[in-house]
Amino acid sequence: MKRSIVLFVLLSAFVVGVCMVNAACGASLSRTESDDVLDGIQKKIELAMNNCFVQNTAAPLDSLFTKLNKLEDGNGMVPYWKAYITYYKSVFYLKLGKKEDSGKVIKEASAILNDIGNKTSETYALLALVQSFSIQFASGMEAGRISAGIRENAGKALELDSTNVRGWYVLGSNDYYTPASFGGGKKVEYYLKKATSSPDKNTDDSSLPTWGREYAYALLIQYYMQNDRTDEANIKGNWTNNLSFFWNHCAFNCLKGRNLQKKVSTFVFSSRSNFLNR
C-alpha cells in the first residue's frame, strides 16, 4: 500500500541522514567482538543501514544480526534488536525494488517478536511498527486482520507504559495513513502530540530503543501542512524543535502532491531563516 511505502521512505531517509553526520556511530562499530554488542545498538543498526545503501548489499545488517545471535538474552532485548534489524532489512529490500524479498523478510521480523514470551511495552510497539510495514504486502481479510493487530499491539504497548513514545507514534502513523472511509484521520494530531510530548525513559540506557519522536514530529508537520495549518505548525514549535531533522533529511520530498511539496518547501526555507536569525 502507498501509505506504508511513503512512510518508510521517510524513515529510511532519516536513518541515512543521521548516520552520515554521526561520526560516533562509526567508532562504535569498530570495537572488538569482546565489547558489549548491545551498547549503542540502535546507532549501530542505523549505521549498518546506511552502509547497506552505500555498498548495495544487506551484509552490514546481516553482520550485526550474527553478532546478536551469539548473545544470550537476559531481558528480551536481543530478539527485539534482531527483529529491528530484520525490519530494516525489509525496508532496504523494498528500496531496491525487491518487493518479494521484502515481504518475506518482514514476516521473519514479525515471527521473531511473536516468539518472545513475556512481551514488554517496547516489544508490542515494535511489533505494531512491523505490522504497519507488512500490511502493504497483504490484501482483503488479511490486510484487515493486520490493521486490527496494529491498533491492538500499539494499545498493549501503552497499557504497559502510557508514556511510550513509540507506541503513540505507531498509533498516530497508522491513523494518518488509514483512509477516512475506513475511519482514519480522526486522532492523528492527538496521537502524534502524545508521542512528541511524552518523556522517553530510555535515553539513559544505550541498549534500549529511542526511535519514534523524530518520526512523530515529521509526520505531525506533514499533517499540519496538508490541512493548511502552516502557522500552527510553526507557532507550536514543532518545526523549530526539530529543524535539523526535517531540514537535513528532506522529509518534504516524501509528501504527496506537487502543491503540498511546494508549500512545505516554502515553509522549510522561511522557518529555517526565522529560526537561525533568532
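Note that the structure is a prediction, hence the values are computed from the model and not measured.

**Details of the overall build of the protein**
Helix and strand counts for the protein stand at 14 helices and 0 strands. Secondary structure elements of the protein, listed N to C terminal, follow the sequence α-α-α-α-α-α-α-α-α-α-α-α-α-α. Considering only residue pairs separated by 6 or more positions, the protein has 64% of its internal contacts joining residues 24 or more positions apart. With the model as given, the accessible surface of the protein reaches about 13,100 Å², and the carbon-plus-sulfur share is 49%.

**Brief notes about the nonpolar core**
Residues I45, W81, L126, Y169 and W211 are the most contacted members of the largest nonpolar core, which totals 61 residues. Those residues in contact with I45, other than ones at most four positions away along the chain, are L61, L64, W81, Y84, I85 and Y88.

**Notes on helix α6 (residues 99–114)**
The first and last C-alpha atoms of α6 sit 23 Å apart over 16 residues, in line with the 22 Å expected at 1.5 Å per residue. Listed as buried for α6 are S102, G103, V105, I106, A109, S110, I112 and L113. For α6, the elements touching its buried residues are α4 (59–69), α5 (77–95) and α7 (121–134).

**A few points about the environment of G212**
Here G212 shows up in the loop between α10 (188–197) and α11 (213–226). Classification of G212 by relative accessible area gives buried; the value is 0%. Residues G212 and D200, spaced 12 residues apart in sequence, show a C-alpha to C-alpha distance of 9.9 Å. If we skip the residues at most four places from it in the chain, G212 touches V165, R166 and Y169.

**Considering the confidence of the model for the protein**
Scored by pLDDT, the protein has a mean of 79; 70% of the residues are at 70 or more. Overall, residues 12–35 carries pLDDT values under 50, and its contacts beyond four positions in sequence, including any with other chains, amount to 35 contacts. Predicted confidence is poor over residues 238–278, with pLDDT under 50, and the contacts of this stretch with residues over four places away or in other chains come to 66 contacts.

**Some points on the pattern of salt bridges**
Enumeration according to the criterion identifies 7 salt bridges in this entry. Residue K156 pairs with E152 through a salt bridge whose shortest N-O separation is 3.2 Å. Of this pair, K156 and E152 both sit in helix α8 (residues 140–160), 4 residues apart, which is roughly one turn of that helix. Shared partners join several salt bridges into a network, and the residues in it are E122, R166 and D200.

**A closer look at the environment of T178**
For T178, the position within the fold is in the loop between α9 (165–177) and α10. According to the relative accessible area criterion, T178 is buried, its value standing at 15%. Within the structure, the side chain of T178 is placed 2.5 Å from the backbone oxygen of N174, a separation counted as a polar contact.

What counts, and where the lines are drawn
- Residues numbered from 1 in each chain as written.
- Predicted model: local features only at pLDDT ≥ 70, side-chain atom pairs only at ≥ 80, totals over all residues.
- Heavy atoms only, no water.
- Helix = DSSP H or I, 4+ residues; strand = E, 2+ residues; numbered from the N terminus.
- Contact = heavy atoms within 4.5 Å.
- Areas by Shrake-Rupley, 256 points an atom, 1.4 Å probe, with all protein chains shown as cover.
- Core = buried A, V, L, I, M, F, W, Y, C linked by side-chain atoms within 4.5 Å.
- Buried < 20%, exposed > 50% of the residue type's maximum accessible area, 1.4 Å probe, protein only.
- Expected span 1.5 Å × (residues − 1).
- pLDDT = per-residue confidence, 0-100.
- Salt bridge = Lys/Arg side-chain N within 4 Å of Asp/Glu carboxyl O.
- Polar contact = N/O pair within 3.5 Å; in protein donor to acceptor, adjacent residues only side chain to side chain.

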